[in-house]
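# Structural overview for review
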Amino acid sequence: AIAMFESTMHISHCIFHDNSSSWGGALMIGSNSNPVFDNCLFYNNESTFLGGGGGAGLSWENSSPHFVNCTFIDNHAVDDGGGYELELGGTTTFTNCIFWGNTAAQGASIAVGTNERPSALTISFSDVENYPSVNAIYREAGCTVNAGASMINEDPLFIDPAADNYRLSQINARYPNVGQDVNSP
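Residues numbered from 1 in each chain as written. Predicted model: local features only at pLDDT ≥ 70, side-chain atom pairs only at ≥ 80, totals over all residues. Heavy atoms only, no water.

## Focus: the overall build of the chain
In terms of regular secondary structure, the chain is built from zero helices and 22 strands. With 185 residues in all, the chain has 51% of them scored as buried. Summarising the internal contacts of the chain: among those between residues at least 6 apart in sequence, 78% fall at separations of at least 24. For the chain, the accessible area works out to roughly 8,100 Å², and carbon and sulfur atoms hold 50% of it. (Helix = DSSP H or I, 4+ residues; strand = E, 2+ residues; numbered from the N terminus. Buried < 20%, exposed > 50% of the residue type's maximum accessible area, 1.4 Å probe, protein only. Contact = heavy atoms within 4.5 Å. Areas by Shrake-Rupley, 256 points an atom, 1.4 Å probe, with all protein chains shown as cover.)

The following block contains the structure:
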């Protein structure tokens, strides 16, 4: 769907679904790109190449994307990062996001790799299936994962996933900001 290099852009309220690519099913963010994605839905995307990764997206080469209020659901990577993969010195931030039903050989939701340059992930106020297991967020040696007490692993209770309706049917009372617009009153 999108490949960007040396780019800065803001993408809001978009749906990325049924995309397939060797690397980064819906997104390939490379070479010093710094995009912001807010309120986007990524579902049923696939990375098909063994050695590639990022079912919904891949960032690399010193890129620093930021995802806010995004949902990653039922994406697949043959190799690493069913929902998302970052490598080659990338730093990626997820705030208030949901990762559910994603699959990969390593890092069903997210994979943080080196490829000779360590990467860093910051994730907060997010719902990640099977977190904190190593298969939920896979981290290679030398990479950094900053995730705190604001993380949950609870069924997001989508309204009707069979009909591609991934809005939340209930808000989790313990973490009222998960899946909600952080700019709302």
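## Concerning the sheet that holds strand β9 (residues 57–59)
Across the sheet, six strands lie side by side as β1-β5-β9-β13-β16-β19; this open sheet has parallel pairing. With one partner strand each, in any of the chains shown, β1 (2–5) and β19 (137–139) form the two edges of the open sheet. This sheet shows a mean twist of 5° between the axes of neighbouring strands, independent of strand direction. Relative to strand β5 (residues 27–30), β1 runs parallel, the two sharing four bridges. (Pairing = 2+ DSSP bridges. Axes fitted to C-alpha atoms, helices over the stretch in contact; angles between N-to-C directions.)

## Here we look at the side chain of Glu 87
By the secondary structure assignment, Glu 87 is in the loop between β13 (84–86) and β14 (91–95). Comment: no salt bridge for buried Glu 87; closest opposite-charge side chain is Arg 117, at 8.8 Å. (Lys, Arg positive; Asp, Glu negative; His and termini not counted. Salt bridge = Lys/Arg side-chain N within 4 Å of Asp/Glu carboxyl O.)

## Focus on the confidence of the model for the chain
Taken residue by residue, the chain gives an average pLDDT of 89. The fraction at 70 or more is 90%. For the chain, per-element mean pLDDT is lowest for strand β22 (residues 165–168), which scores 89, and highest for strand β6 (residues 36–38), which scores 98. (pLDDT = per-residue confidence, 0-100.)

## Re the pattern of salt bridges
A side chain with one charge may pair with a side chain of the opposite charge, provided their charged atoms come close. What the rule picks out here adds up to one salt bridge. Note that Glu 61 is salt-bridged to Arg 117, the shortest N-O span being 3.1 Å. Of this pair, Glu 61 sits in the loop between β9 and β10 (66–68) while Arg 117 sits in the loop between β16 (110–112) and β17 (120–124), and the two are 56 residues apart along the sequence. Classification of Arg 117 as partly exposed rests on a relative accessible area of 30%.

## Some details on the environment of Thr 48
Note that Thr 48 resides in the loop between β8 (46–47) and β9. Each C-alpha atom, one on Thr 48 and one on Ser 20, is 7.0 Å from the other, the two residues being 28 residues apart in sequence. Setting aside residues no more than four positions away along its own chain, Thr 48 makes contact with Ser 20, Ser 21, Ser 22 and Val 78.

## What about the packing of aromatic side chains?
All told, the structure shown has 17 aromatic pairs when counted by the stated rule. Summarising the aromatic geometry, the rings of Phe 72 and Phe 94 are spaced 5.7 Å apart at their centres and angled 85° between planes, so their arrangement reads as edge-to-face. Here Phe 94 lies in strand β14 and Phe 72 lies in strand β11 (residues 71–73), a separation of 22 residues in the sequence. This pair shows no difference in class: Phe 72 is buried, exactly as Phe 94 is. What links up through ring pairs into an aromatic cluster is the set Phe 16, Phe 37, Phe 42, Phe 67, Phe 72, Tyr 84, Phe 94 and Phe 99. (Phe/Tyr/Trp six-rings, centres within 6.5 Å; stacked < 30°, edge-to-face > 60°.)

## As for the nonpolar core
Ranked by size, the top nonpolar core spans 27 residues in total, and within it Phe 37, Phe 42, Phe 67 and Phe 94 carry the most contacts. Counting only elements with at least two residues in this core, the list comes to β5, β13, β16 and β17. Apart from residues no more than four positions distant in its own chain, Phe 42 is found in contact with Phe 16, Ala 26, Leu 27, Phe 37, Ala 56, Phe 67, Cys 70, Thr 71, Phe 72, Ile 73 and Asn 75. Formed by seven residues, the second largest nonpolar core is a distinct cluster that contains Leu 41, Tyr 43, Ile 73 and Ile 98. (Core = buried A, V, L, I, M, F, W, Y, C linked by side-chain atoms within 4.5 Å.)

## A word on the sheet that holds β17
The strand order across the open sheet formed by six strands is β2-β6-β10-β14-β17-β20, and the pairing between neighbours is parallel. On the outer flanks of this sheet lie β2 (10–12) and β20 (144–147), each paired with one strand and no other. Between one strand and the next, the sheet's axes are offset by a mean angle of 10°, whatever the strand orientation. Two elements, β10 and β14, share three bridges in a ladder whose sense is parallel. Paired with His 66 across the bridge in β14 is Thr 93.

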